[in-house]
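Report on the structure
Spelled out, the chains give:
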There are 2 protein chains.
Amino acid sequence: MAAIRYELIKKDKQTGARLGILHTPHGSYETPMFMPVGTLATVKTMSPEELKELGAGVILSNTYHLWLRPGHEIVREAGGLHKFMNWDQAILTDSGGFQVFSLSQFRKIEEEGVHFRNHLSGEKLFLSPEKATEIQNALGADIMMAFDECPPFDADYNYMKQSVERTSRWAERCLKAHSRSHDQALFGIVQGGGNEDLRKQSARDLISLDFPGYAVGGLSVGEPKEEMNRVLEFTTPLLPENKPRYLMGVGSPDSLIDGAIRGIDMFDCVLPTRIARNGTCMTSSGRLVVKNAKYARDFRPIDEHCDCYTCRNYSRAYIRHLIHTNEIFGFRLCTYHNLHFLIKLMEQVRQAIREDRLQDFRDEFFEQYGFNKPNAKNF
Amino acid sequence: MAAIRYELIKKDKQTGARLGILHTPHGSYETPMFMPVGTLATVKTMSPEELKELGAGVILSNTYHLWLRPGHEIVREAGGLHKFMNWDQAILTDSGGFQVFSLSQFRKIEEEGVHFRNHLSGEKLFLSPEKATEIQNALGADIMMAFDECPPFDADYNYMKQSVERTSRWAERCLKAHSRSHDQALFGIVQGGGNEDLRKQSARDLISLDFPGYAVGGLSVGEPKEEMNRVLEFTTPLLPENKPRYLMGVGSPDSLIDGAIRGIDMFDCVLPTRIARNGTCMTSSGRLVVKNAKYARDFRPIDEHCDCYTCRNYSRAYIRHLIHTNEIFGFRLCTYHNLHFLIKLMEQVRQAIREDRLQDFRDEFFEQYGFNKPNAKNF
């Protein structure tokens, strides 16, 4: 019996987007969905109760960060990540691969794994498929990710091909090292940058290993949004219909809709929580930087069309004051609002799929949000 | 009709401590009580809903800080402090006097008021009884404080006498400037340092002006705790029985009990919220610095005898991890716990008064807390 199961409910007749349910050991969640990021076993500023009130389903936590602090053995001793952080819904942990390539210094990639230095202390570390799997088994998330290499999107073809092949060999080693397949589902990550034949090769390799779910990796790393859409258009059709598909690191409203249209079921990103702590909010008419001085006497809510806790109870003037004075409650209010915005957006996406009108919804949303205007402020 | 009213319920037969009810335009609250501090129109890290869940009654906000940011006119335009910060229970604002003397630089005291420089920008500012009252009228708190001078506890007698006399003249000017006595109660502040005759003079002056409540100021400014108790012993008997008595800036558990024993009804202090953000917690067996490495693998709650949200759901190991990594949720959990500790302590004090056993309660509490031990870690 697999730890998780994906149930396809229907496809949108306008776009082919998938409405489904992800069944996990910690509850079942409708897809497409956005997963808030809780890097260090906490979604920054939020309590578990607030996340539930927001309708957050699965949350993500970072293997690399938890390995360094507090250490996976401490989380294991605590009874696993769910118990450690008081979260009884589903959790996904990444493999640490992305952080090794984005945060660490002096990395050296070998067939065995990656040598690098801790981004906090400079200490020498080594991460391998076996080690990343061992750590994730200790953390005990419902979904874990295979340890992969994340080359730059524009790496040269030969390097990218070698990297894809190594990632496939590493994926197989992760599967072998995985000791809790009964209650933790290990996903494979399709790499290959912008090359269709390498994405095909990566998908074929991983599908032959029969993972319970697949991620599309190596996107949202600085490439133009059109490039991401182009890659998704030829990559998601390669993946099995009966398994969930996860687009890693994507959280801007337009990309969530465009990803769903291209057959993606799961997304995660630090964007809504990170920009919130800088006083930047997502609204139905685009980006609003509430910390700006022009909101000092603006007693309207962040978003007049929003019914979240923040918008029901607090003015732009109050939140601007809190952000301006570095008050934690301001960070909380903006975080709450932004997560509500994306979680509600995904509900609207699912409703549009149900009603076979996702393309219409996209067009209306982009118009209202201002994405169609020249110089639109995106994220 | 006065804005507030104090109702004396009974006195403790062991100590003379008062059990009462403070009736305000925003609810009635049992005394003795501890008031959490929300300097900048937010009790740091907490939501209003959490404060209510904790049983916080009156909260305090700082006139000086709100005058500088966001400015009292903005708060007035927002509909007053209650509406601005979404708090429908009672609020007390201080006069700014203490901050002028503790935070600002280059101050020059004249009969008219105090010239000083803004502690943030260095800008020249002037605060007077009239200005402090105007700001507090704009903020609209249920209880406001007369603008006073806060000389050092050990200021020489002649200076202290002049200062007390000026504070009395300023108090009268505050009363005259006060434009909202129907819904805001202005309290006088008894000064005089450690001198019994000056405290007597100050109390007599202020009582002749018939304030609806009286504070004891100039304590908890570094003097030994025995000194504070000594001053309270000769000061509170000078104050009218039918008015509330407020000891400013006091929040350590021992001083709350000792203040109640000496006839104090209201207390405020940043202590529980400030130390929380450094990972220091108040527990039934004394101070616990949860950020210390020794708690990294300690899966017990902060306080095994505590039933607060933090202690019901989170381990020392988890909270230590959060504080260690500067995670805001850690600051929230410690703040919640510390406020719960003091609010519950005051409930216990009131129950002990009800049962005429406050001295016994004090002795038991000091024993369990470890205050009686040599080198006890106090706050």
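Computed from a prediction, not measured in an experiment: that's the story for all the values here. (Residues numbered from 1 in each chain as written. Chains lettered and ligands numbered in written order. Predicted model: local features only at pLDDT ≥ 70, side-chain atom pairs only at ≥ 80, totals over all residues. Heavy atoms only, no water.)

1. Some thoughts on the sheet that holds strand β7 (residues 105-109) of chain B
Residue and element names in this part refer to chain B. Taken in spatial order, the three strands of this open sheet run β7-β8-β9, and their pairing is antiparallel. Two strands lie at the open edges of the sheet, namely β7 and β9 (124-127), each paired on one side alone. Sheet twist, expressed as the mean angle between neighbouring strand axes with direction ignored, is 20 degrees. Examined bridge by bridge, β7 and strand β8 (residues 114-117) share three bridges and lie antiparallel to one another. Bridge assignment links lysine 108 to a residue of β8, and that residue is histidine 115. (Pairing = 2+ DSSP bridges. Helix = DSSP H or I, 4+ residues; strand = E, 2+ residues; numbered from the N terminus. Axes fitted to C-alpha atoms, helices over the stretch in contact; angles between N-to-C directions.)

2. Here we look at the UniProt feature "domain: tRNA-guanine(15) transglycosylase-like" (unreviewed entry) in chain A
Feature annotation in UniProt places "domain: tRNA-guanine(15) transglycosylase-like" (unreviewed entry) on residues 15-369 of chain A, given in this structure's numbering. Taken end to end, residues 15-369 of chain A has its terminal C-alpha atoms 20 Å apart, with 43% of it in helix and 17% in strand. (UniProt positions renumbered as here; feature names shortened; annotations may be inferred.)

3. Brief notes about the pairing of strand β15 (residues 280-283) of chain A
Residue and element names in this part refer to chain A. Side chains Thr280 and Met282 project from β15 onto one buried face, and the interleaved Cys281 and Thr283 project onto a second face that is buried too. Of the pairings in the sheet, the one linking β15 to strand β16 (residues 286-289) comprises four bridges and is antiparallel in character. Note on β16: the bridge partner recorded for threonine 283 is glycine 286. (Buried < 20%, exposed > 50% of the residue type's maximum accessible area, 1.4 Å probe, protein only.)

4. Comments concerning the interface of chain A and chain B
Contacts between the two partners involve 37 residues from chain A and, on the opposite side, 37 residues from chain B. In total, about 3,200 Å² of surface goes out of reach between chain A and chain B, with carbon and sulfur atoms giving 58% of it. Taken together, the connections running from chain A to chain B amount to six salt bridges. A:Glu50 is the salt-bridge partner of B:Arg332, the closest N and O atoms lying 2.9 Å from each other. Along the contact surface separating chain A from chain B lie 16 residue pairs in polar contact (both at pLDDT 80 or more). Counting residues per element, the ones that place at least two in the side of chain A that touches chain B are α1 (48-54), α3 (72-77), α4 (81-85), α12 (309-313), α13 (316-324) and α14 (328-354) of chain A. Ranked by the residues each element gives to the side of chain A that touches chain B, the list is headed by α13(A), at five residues. For the side of chain A that touches chain B, a count of residues per class yields 20 nonpolar, eight polar and nine charged. (Contact = heavy atoms within 4.5 Å. Buried area = accessible area lost by both parts, 1.4 Å probe. Salt bridge = Lys/Arg side-chain N within 4 Å of Asp/Glu carboxyl O. Polar contact = N/O pair within 3.5 Å; in protein donor to acceptor, adjacent residues only side chain to side chain. Nonpolar A, V, L, I, M, F, W, Y, C, P; charged D, E, K, R; others polar.)

5. Here's the deal with the UniProt feature "active site" (unreviewed entry) in chain A
Residues and elements named next belong to chain A. Mapped onto the present numbering, the UniProt feature "active site" (unreviewed entry) falls at Asp94 and Asp268. These residues run over 175 residues, yet every pair of their C-alpha atoms falls within 10.5 Å of each other. The residue aspartate 94 is located in the loop between β6 (91-93) and α5 (97-102) in this model. Judged by its relative accessible area of 7%, aspartate 94 falls in the buried class. Aspartate 268 sits in the buried class, given a relative accessible area of 7%. In this structure aspartate 268 touches Phe34, Met35, Val37, Leu60, Tyr246, Leu247, Met248, Gly249, Val250 and Gly251, once residues within four positions along its chain are discounted. In terms of polar contacts, aspartate 268 uses its side chain to reach the side chain of tyrosine 246, at 2.8 Å.

6. Remarks on helix α13 (residues 316-324) of chain B
Along an α-helix, residues three or four positions apart point the same way, because every turn accommodates 3.6 residues. Counting buried positions along α13(B) gives eight out of nine residues, so the element sits mostly inside the fold. Every buried residue of α13(B) is accounted for by B:Arg316, B:Ala317, B:Tyr318, B:Ile319, B:Arg320, B:His321, B:Leu322 and B:Ile323. Lining the buried residues of α13(B) we find α2 (63-68) and α4 of chain A together with α11 (271-276), β16 (286-289), α12 (309-313) and α14 (328-354) of chain B. Phi for B:Asn326, located one or two positions after α13(B), is positive at around 60 degrees.

7. A look at the packing of helix α9 (residues 225-235) of chain B against helix α10 (residues 253-261) of chain B
Residues and elements named next belong to chain B. Between α9 and α10, the shortest axis-to-axis distance is 10 Å and the interhelical angle comes to 20 degrees. With respect to α10, the axis of α9 lies roughly parallel. In the crossing of α9 with α10, the sense of the turn from one axis to the other is right-handed. Along the contact surface, α9 presents Lys225, Met228, Asn229 and Leu232, while α10 presents Asp254, Ser255, Asp258 and Gly259. Residues belonging to the contact of α9 with α10 are distributed by class as follows: two nonpolar, three polar and three charged. (Parallel < 35°, antiparallel > 145°, perpendicular 65-115°, else oblique. Left-handed = near helix turned anticlockwise from the far one by under 90°.)

8. Side note on the pattern of salt bridges
Under the defined criterion, the tally for this structure stands at 63 salt bridges over all chains. The partner of A:Arg262 in a salt bridge is A:Glu233, with the nearest N and O atoms 2.6 Å apart. Remark: A:Glu233 occurs in helix α9 (residues 225-235) and A:Arg262 occurs in the loop between α10 (253-261) and β14 (266-269); sequence separation between them is 29 residues. With relative accessibility at 19%, the residue A:Arg262 sits in the buried group. One salt bridge connects B:Arg173 with B:Glu112, and the closest N-O pair in it is separated by 3.7 Å. Note that B:Arg173 is positioned in helix α7 (residues 157-177) and B:Glu112 in the loop between β7 and β8, a separation of 61 residues in sequence. For B:Arg173, a relative accessible area of 18% translates into the label buried. Look at the salt bridges and you will find they share partners, linking B:Glu233, B:Asp258, B:Arg262, B:Arg362 and B:Asp363 into a network.

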